[in-house]
Amino acid sequence: MRVILFDIDTLRPDHLGCYGYGRDTSPAIDSIARDGVRFDNYYCPNAPCLPSRASLVTGRYGIRTGVVGHGGTAGDMRLQGESRHFQDGASANSLFMQFRRAGMHTASFSSFAERHSSWWFNAGFHECCNMGKCGNESGEEITPKVLDWLRRRGSEDNWFLHVNYWDPHTPYRCPVSYPFEKEPLPDPWITEEVFAEHLRHVGPHGANEINMWDDTRFPQFPRHPGSVKTLSEAKAFLDSYDCGVRFADDNIAQILALVKEMGLYEDMAIIVTSDHGENLGELGLYAEHGTADDPTCHIPMIIKWPGGRKGATDAGFHDNVDLAPTIQELLGTQMAGPYDYDGQSYAQTLLTGADCSKPWLVLTQCAHVCQRAARFGDWLYLRTIHGGYHLFPKEQLYNVKEDPHQLHNLAGERPELCAQGAKIILDWVDEQMKKSQFDTDPLWTVMREGGPEHARGMLPSYIARLEGSERAEQIPKLREMYPGEA
């Protein structure tokens, strides 16, 4: 058996044609969806990059692995401790190890492990090709190496390739010009009124500070502005994101063309997914995956599997801890030693259309903010513990079916739904902590170490930036919301 997993950083499903987007951003990915199953409500339970991939490869939520942030204690996988033997359980049972245990030669084309000093990510790979740029490489540097590998070894049987593209990730840097700037946005939800509110927003990665805390721009990234001051600039910014998506897709197209030329495609398994999405104006944020909301945590999952359904969709809730047990069931591999996944297999969804979904999901973000969210029915309930120096209210509630860009916070109007979401989170934390060998929720470790990594200690200098500006009137609100940090 031959398998390719396309791991595309920062890819929003609603910017792909197969998920209904009105621009031609993803013809190659769309073709894979026609030959497989598209999951419409698939989420990363721990955002952003590092926590998400920790959940992906371990099959466990961050509340158990300890990886919920990008720095401090929460940036490292918890040590197994006394129960560890010659190998630790997470590495011995990782997602990629399942392919190796099934007798496949495994290879990864990714710099992720070096980017986050997370070498556990490489568990299960025979080969690791690292471009050495810590995620700053573009597709034209990755694809030739993948094509070379396929020409040399693709005709052999039993291999698995992990191919990691970063092109939709900030800074937007697509080297190719696409015609999107000449096309209107398919969903022009950022109106003059909405954008005026974005310009009043305080907090990192707003319209005035796309470079997180200031408006610095870098000449080597001409597509990535330091700020967006007009609605037309905001539109050009969204165009740049779409260019990155299309560029990644064009690179995937080259790989698909070769495997088809070699006669490998029909019997090949292909998986397309992402680590997280992207805020593209939602909640006032641009060019960041900094919240536990739908734009950040909703991700694509498309699987073409030999013998599986074709052109099918699944509307149930799943998250990325589910992939490892799914692959284990599909490959028939066994667990190595005592270990358990938090995820549940949806192999039968792929093969027969059976409903293997979850009733709801809990989402966590602790790198830019400290938030947890409950995704249930048409609703997203978002609870903020530390807002990362945004002025987020403690509770937010959105009908993401009717209001996908989260413009209307209904928390005040629907307290019964807030109570339902809060109970989902509380019950989930209780159940996860019962399974954990540790007595601390890592979200609170982040809080005790000074708050989310990307905000920690930044408030004084940010307030100094706001002084004298039109947004200075909001400084007292910041000081009130974050006492002792200004």
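Residues numbered from 1 in each chain as written. Predicted model: local features only at pLDDT ≥ 70, side-chain atom pairs only at ≥ 80, totals over all residues. Heavy atoms only, no water.

**Student:** Any chance you could explain the packing of helix α1 (residues 27–34) against helix α9 (residues 231–261) here in plain terms?
**Tutor:** Axes are the key here: two packed helices are described by the angle between their axes and the distance separating the axes. Packing of α1 against α9 leaves a shortest axis separation of 7 Å and a crossing angle of 60°. Judged by the angle between their axes, α1 and α9 are oblique. Contacts between α1 and α9 pair Pro27, Ala28, Ile29, Ser31 and Ile32 from the former with Arg246, Asp249, Ile252, Ala253 and Leu256 from the latter. Per-class residue counts for the contact of α1 with α9 are seven nonpolar, one polar and two charged. (Axes fitted to C-alpha atoms, helices over the stretch in contact; angles between N-to-C directions. Helix = DSSP H or I, 4+ residues; strand = E, 2+ residues; numbered from the N terminus. Parallel < 35°, antiparallel > 145°, perpendicular 65-115°, else oblique. Contact = heavy atoms within 4.5 Å. Nonpolar A, V, L, I, M, F, W, Y, C, P; charged D, E, K, R; others polar.)

**Student:** Looking at this model, I keep getting lost on empty space enclosed by the protein. Mind explaining?
**Tutor:** Space left empty within the atom packing is revealed by a probe, the size of a water molecule, rolled over the atoms. This structure, assessed with the given rule, holds two cavities of 30 Å³ or more. Put simply, the largest cavity is a space of about 70 Å³. Around the largest cavity sit Pro204, His205, Met212, Trp213, Leu285, Glu288, His368, Val369, Gly388, His390, His454 and Ala455, which together line it. Here the residues of the lining of the largest cavity are counted per class, giving six nonpolar, five polar and one charged. Space inside the second largest cavity adds up to approximately 50 Å³. Around the second largest cavity, the lining residues are Asp7, Ser52, Arg53, Leu56, Thr273, Ser274, Asp275, Ile299 and Asn320. (1 Å grid on protein atoms, 1.4 Å probe; cavity = no way out; pocket = protein on both sides within 12 Å on 5 of 7 lines; lining within 4 Å. Points joined across faces, edges and corners; volume = space filled by probe spheres on them.)

**Student:** Would you take a moment to explain the nonpolar core for this structure?
**Tutor:** Nonpolar side chains tend toward joint burial in soluble globular proteins. If you look at the biggest cluster of nonpolar residues, it comprises 59 residues, and the most contacted ones within it are Leu95, Ile303, Leu323, Ile327 and Tyr346. Among all residues touching Leu95, those that are not within four sequence positions of it are Leu5, Leu56, Val57, Leu323, Ala324 and Ile327. In terms of nonpolar packing, the next biggest core, distinct from the first, is built from 52 residues, Ile190, Ala234, Leu238 and Leu280 among them. (Core = buried A, V, L, I, M, F, W, Y, C linked by side-chain atoms within 4.5 Å. Buried < 20%, exposed > 50% of the residue type's maximum accessible area, 1.4 Å probe, protein only.)

**Student:** Sorry if this is basic, but what is going on with the sheet that holds strand β3 (residues 46–47) here?
**Tutor:** To summarise the sheet geometry, strands pair through backbone hydrogen bonds and adopt either a parallel or an antiparallel arrangement. In space, the five strands of this open sheet follow the order β3-β12-β13-β14-β15, with mixed pairing throughout. Edge positions in the sheet fall to β3 and β15 (395–399), since each has one partner strand and no second. Alignment of strand β12 (residues 360–365) against strand β13 (residues 370–376), held across six bridges, turns out to be antiparallel. Residue pairing for β13: Leu361 is matched across the bridge by Arg375. Of the strands in this sheet, β12, β13, β14 (379–386) and β15 are in contact with helix α13 (residues 415–435), which crosses β13 at around 110°. (Pairing = 2+ DSSP bridges.)

**Student:** Where do I start with the pairing of strand β7 (residues 269–273) in this structure?
**Tutor:** Where a strand is regular, its side chains alternate between the two sheet faces. For β7, the buried fraction is high: five of the five residues fall into the buried class. Burial of the side chains of β7 extends over both faces: Ala269, Ile271 and Thr273 are buried on one face and Ile270 and Val272 on the other. For strand β1 (residues 2–8) and β7, the ladder comprises five bridges, and the chain directions are parallel. Across the sheet, residue Asp7 finds its bridge partner in β7, namely Thr273. Here four bridges tie β7 to strand β10 (residues 298–304), and the two strands are oriented antiparallel to one another. Within the sheet, the bridge partner assigned to Ile271 lies in β10 and is Ile303.

**Student:** In this structure, what is going on with the state of the cysteines? I would like to understand it.
**Tutor:** For the coordinates displayed, the defined rule picks out zero disulfides. Left without a disulfide partner, Cys370 is nearest to the cysteine sulfur of Cys366, which lies 4.2 Å away. (Disulfide = S-S within 2.5 Å.)

**Student:** So what exactly am I meant to see when it comes to the sheet that holds β7 here?
**Tutor:** Spatially, β5-β4-β6-β1-β7-β10-β2-β11 is the arrangement adopted by the eight strands of the open sheet, whose pairing is mixed. Lying at the two open borders of the sheet, with one neighbouring strand each, are β5 (127–129) and β11 (312–319). Strand-to-strand, the axes of this sheet are offset by a mean angle of 15°, without reference to chain direction. Two elements, strand β4 (residues 105–109) and strand β6 (residues 159–165), share five bridges in a ladder whose sense is parallel. Within β6, the residue paired with Ala107 across the bridge is Leu161. Here α9 sits on the sheet in contact with β1, β6 and β7, set at roughly 170° to β1.

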